Structure formats: structure tokens, C-alpha cells
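# Commentary on secondary and tertiary structure
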Amino acid sequence: MTTTQPLDKQTESTRSGTGAGNENGTNGAGTGTKRRFPKIGPILPARLRPVNRPTMWIEIALIGIAYYCYRVTQNAASTSGQSPFRRGRDILSLERVLHIDIEHWLNHTVAKIDWLIVGMNYYYATLHFIVTIAVFVWVYLKFPDRYRAVRTVMFAMNGVALIGFYLYAVAPPRLLDPTRFIDTFCVHHTWGEQTCSGVAGLSGSMTNEFAAMPSLHIGWSVWCALAIAHLAKRKWVKVLGILYPVATFTVIISTANHYVLDAVGGLVTLAAAFLVQRILQGRPVYRAAPSAEPVRIPQQDAAEDDAAGAFTSARTVRLKD
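These lines cover the structure that appears in this document, whether it is placed above or below.

## Observations regarding the packing of helix H3 (residues 83-98) against helix H11 (residues 260-281)
Packing of H3 against H11 leaves a shortest axis separation of 9 Å and a crossing angle of 95°. As far as their axial angle goes, H11 and H3 are roughly perpendicular. Residues Ile-91, Leu-94 and Glu-95 of H3 lie in contact with H11, whose contacting residues are Val-260, Leu-261 and Asp-262. Grouping the amino acids of the contact of H3 with H11 by side-chain chemistry returns 4 nonpolar, no polar and 2 charged.

Below is the structure:
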């Protein structure tokens, strides 16, 4: 018979990650085991690493701050002149060397199918935000002890990406050579687009047209996929989550909004964000917080309970006599 109770603090052996082992990486029985990698973080004090659900207003304020930083970066980035276009041509040249320059072929192949490319246009303009917000709300409501870690990865990823947008402005394929690439939003008048400016039908004053490297469409979609794959219970939901970044990659290339290497940059940015989270908080993103993990405490088994009960009954009878 066992019971559970919250684990308020870990033992020294648990924190060290070696159990009863010694400094040479051997366990209590003397058998050799490999040493684990050195523990990374946390650099934040415990009071700044709570595992409870944060206040919604704080989250809304953080989103507002993040958007403000995006606008500041957009206005401060060096997007004038030929530098963004030269960098775009450099990326295509490198992709030719690596034999991964599929942008032109995929753009023209999909653009021939009107219903498909129009659907991709709306996919690019909407799901990037809808799915990400849905995952945010889902984790916030269902997994409050992991929400802060998941959110930290997202904000760290955006911060790293903004640095990239500021230092390395890149013109996307649709702006690089209009005679070679098809601007699918302009051709099909998505959202009523007529001026062929901006991103996804939005005004150029609202978006940074040269924020191609790294691709946050890929970074955000893989962030969503990892959260769904780790936390969802139903297999079909996990499968859909994993397929989401695959579909997103196809869309961003088909619509000529990104290069293949932009997607690679998005993955690198996400990996850097996970490292930042680990350094700050010192624990895995998707694992339940230590304070919420139950500990099984052995108690008397059934035989011992029966013996104790019999002894109590016999003692009661003697007292009555």
C-alpha cells in the first residue's frame, strides 16, 4: 500500500543526478556509469522561477512589449539600399552550391494551381498567429507548471530573431526578382491586395518586408509542434502537431516569402531559445515542475495491517475482561 504527497524539495542525491554514486560516476553497488553532462543553470534565483500560472494581464503586457520591440527593430534596421537584395542573392548562391535551391521550382509549380496557392496565401497570413495563440492558451490553462518555461522559449526565440532582423536584413524571393519569382499575394489579390506591397496582404508600414532570416514562421510552428508532441495525450493530435511545421515549410517556400536557409535559421534560433531557457530556469521545458511531482511513500502492506488489527482486537478483549 502506498500513498503520494507533493515533493517540496529534492534530496541531495536527486539534485546531483547520481543517486548514491560517488565522484567517479559509479553507483552504490560499485558498477560504473557514465557521468551526465554538467547541469546548465539556473542563473535566476528561486523567487524568479515560480511554477504557478502567471496572471493573464502580465502575459498580455509581455506580448505588447514584444510587439513594441518588433516595431522599434523594424524602424531601426538598415533596409535601405541594395544590402537586403545582395544578401538574398548570396543566400540563393549558397543554396545552389548545396543543391537545395528549390524556391523557384516550388513557387512556379504550386502557382499553377489556383485553389492551392490561394489556400496557401491564407494559410501563411492566418495560421501563423491562430495556431500559436491556441497553443499558448492551451498550455496556460492545462499545464500551468510548464507554461512559464514554454513561454520563455517563445520570447527568447523572438528576441534572438529580432537581433537577426536588425543585423541581417534580407529581401525575400518575391522581392528579389519579380521576373523570376511570383508574388502570389499580389497575383491573386489575397485580402484584396492591389498594391503588391507589405507582407501577407498587410501594409508595409505594419510589417518588416526584409525580416526573412530567420524564418519565424518555421520557428513558431516547430515551437507549437514540440509543445503538442510532448503534452498532448491523443496520438492524432500529436501527429497533426508534427505535420504543422512540414506544411508551414511548404507554404513559405511556395509563396516565395522565404528561402530554404531561412527555415534553417528559424530552427537554429529556436535551439538558441531553448538554451537560453535552460540557463535561466535550469530545468527541462516540458517536464512537470519538481514541486508538482508526487512521491510514493511505502507504508504497511496488507499482512502487516491484518496483524496490527488482530493485535488491537485482542488487546481490546483483554481490557474488557
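## Quick word on the nonpolar core
In a soluble, globular protein the nonpolar side chains are often hidden away together inside. In this structure, Val-135, Val-139, Met-157 and Trp-223 are the most contacted members of the largest nonpolar core, which totals 45 residues. For this core, the secondary-structure elements that each account for two or more residues are helix H4 (103-111), helix H5 (114-142), helix H6 (144-167), helix H9 (216-231), helix H10 (235-254) and H11. Among residues more than four places away in sequence, those in contact with Trp-223 are Thr-132, Val-135, Phe-136, Val-150, Val-153, Met-154, Met-157, Leu-270 and Tyr-286. Core analysis: the next-biggest nonpolar cluster, separate from the first, contains 14 residues, Ala-171, Phe-181, Met-213 and Leu-261 among them.

## Digging into the packing of aromatic side chains
Tallying each qualifying case throughout the model produces 10 aromatic pairs. Ring centres 6.4 Å apart and planes at 40° place the aromatic pair Tyr-123 and Tyr-244 in the tilted group. With Tyr-123 in helix H5 and Tyr-244 in helix H10, the pair connects residues that are 121 residues apart, well separated along the chain. A residue is classified by how much of its surface remains accessible, and Tyr-244, at 11% relative accessible area, is buried. Counting every residue linked through ring pairs, the aromatic cluster contains Phe-136, Tyr-140, Tyr-147 and Trp-223. Lying over the aromatic face of Tyr-140, Arg-53 brings its terminal NZ or CZ to 5.4 Å of the ring centre.

## Some points on a nonpolar patch on the surface
A surface patch of nonpolar side chains, about 340 Å² in accessible area, is lined by Ile-40, Ile-43, Leu-275 and Ile-279. Along the polypeptide, Ile-279 turns up in helix H11.

## Thoughts on H3
Taking 1.5 Å per residue as the helical rise, H3 with its 16 residues ought to reach 22 Å, and the 23 Å between its terminal C-alpha atoms agrees with that figure. Within H3, the full set of buried residues consists of Pro-84, Phe-85, Arg-87, Gly-88, Ile-91, Leu-92 and Glu-95. Looking down the long axis of H3, one finds its buried residues gathered within 160° of arc, a one-sided arrangement. Packing partners of the buried residues in H3 comprise H4, H6, helix H7 (173-176) and H11.

## Here's the deal with the pattern of salt bridges
Pairing between side chains of opposite charge can happen when their charged atoms approach one another. Tallied over the full model, the rule gives 4 salt bridges. Between Glu-59 and Arg-151 there is a salt bridge; the shortest N-O distance is 2.9 Å. Highlighted residues: Glu-59 in helix H2 (residues 56-76) and Arg-151 in helix H6, separated in sequence by 92 residues. Glu-59 gets classed as buried once you look at its relative accessible area, which sits at 4%. For Arg-151, a relative accessible area of 12% translates into the label buried. One network of salt bridges, with partners in common, ties together Arg-174, Asp-183 and Glu-209.

Cut-offs used in this document
- Residues numbered from 1 in each chain as written.
- Predicted model: local features only at pLDDT ≥ 70, side-chain atom pairs only at ≥ 80, totals over all residues.
- Heavy atoms only, no water.
- Axes fitted to C-alpha atoms, helices over the stretch in contact; angles between N-to-C directions.
- Helix = DSSP H or I, 4+ residues; strand = E, 2+ residues; numbered from the N terminus.
- Parallel < 35°, antiparallel > 145°, perpendicular 65-115°, else oblique.
- Contact = heavy atoms within 4.5 Å.
- Nonpolar A, V, L, I, M, F, W, Y, C, P; charged D, E, K, R; others polar.
- Core = buried A, V, L, I, M, F, W, Y, C linked by side-chain atoms within 4.5 Å.
- Buried < 20%, exposed > 50% of the residue type's maximum accessible area, 1.4 Å probe, protein only.
- Phe/Tyr/Trp six-rings, centres within 6.5 Å; stacked < 30°, edge-to-face > 60°.
- Lys NZ or Arg CZ within 6 Å of the ring centre and 35° of its normal.
- Patch = residues over 30% accessible without salt bridge, like charges linked within 9 Å, V, L, I, M, F, W, Y side chains within 5 Å.
- Areas by Shrake-Rupley, 256 points an atom, 1.4 Å probe, with all protein chains shown as cover.
- Salt bridge = Lys/Arg side-chain N within 4 Å of Asp/Glu carboxyl O.
- Expected span 1.5 Å × (residues − 1).
- Arc of directions from axis to C-beta.

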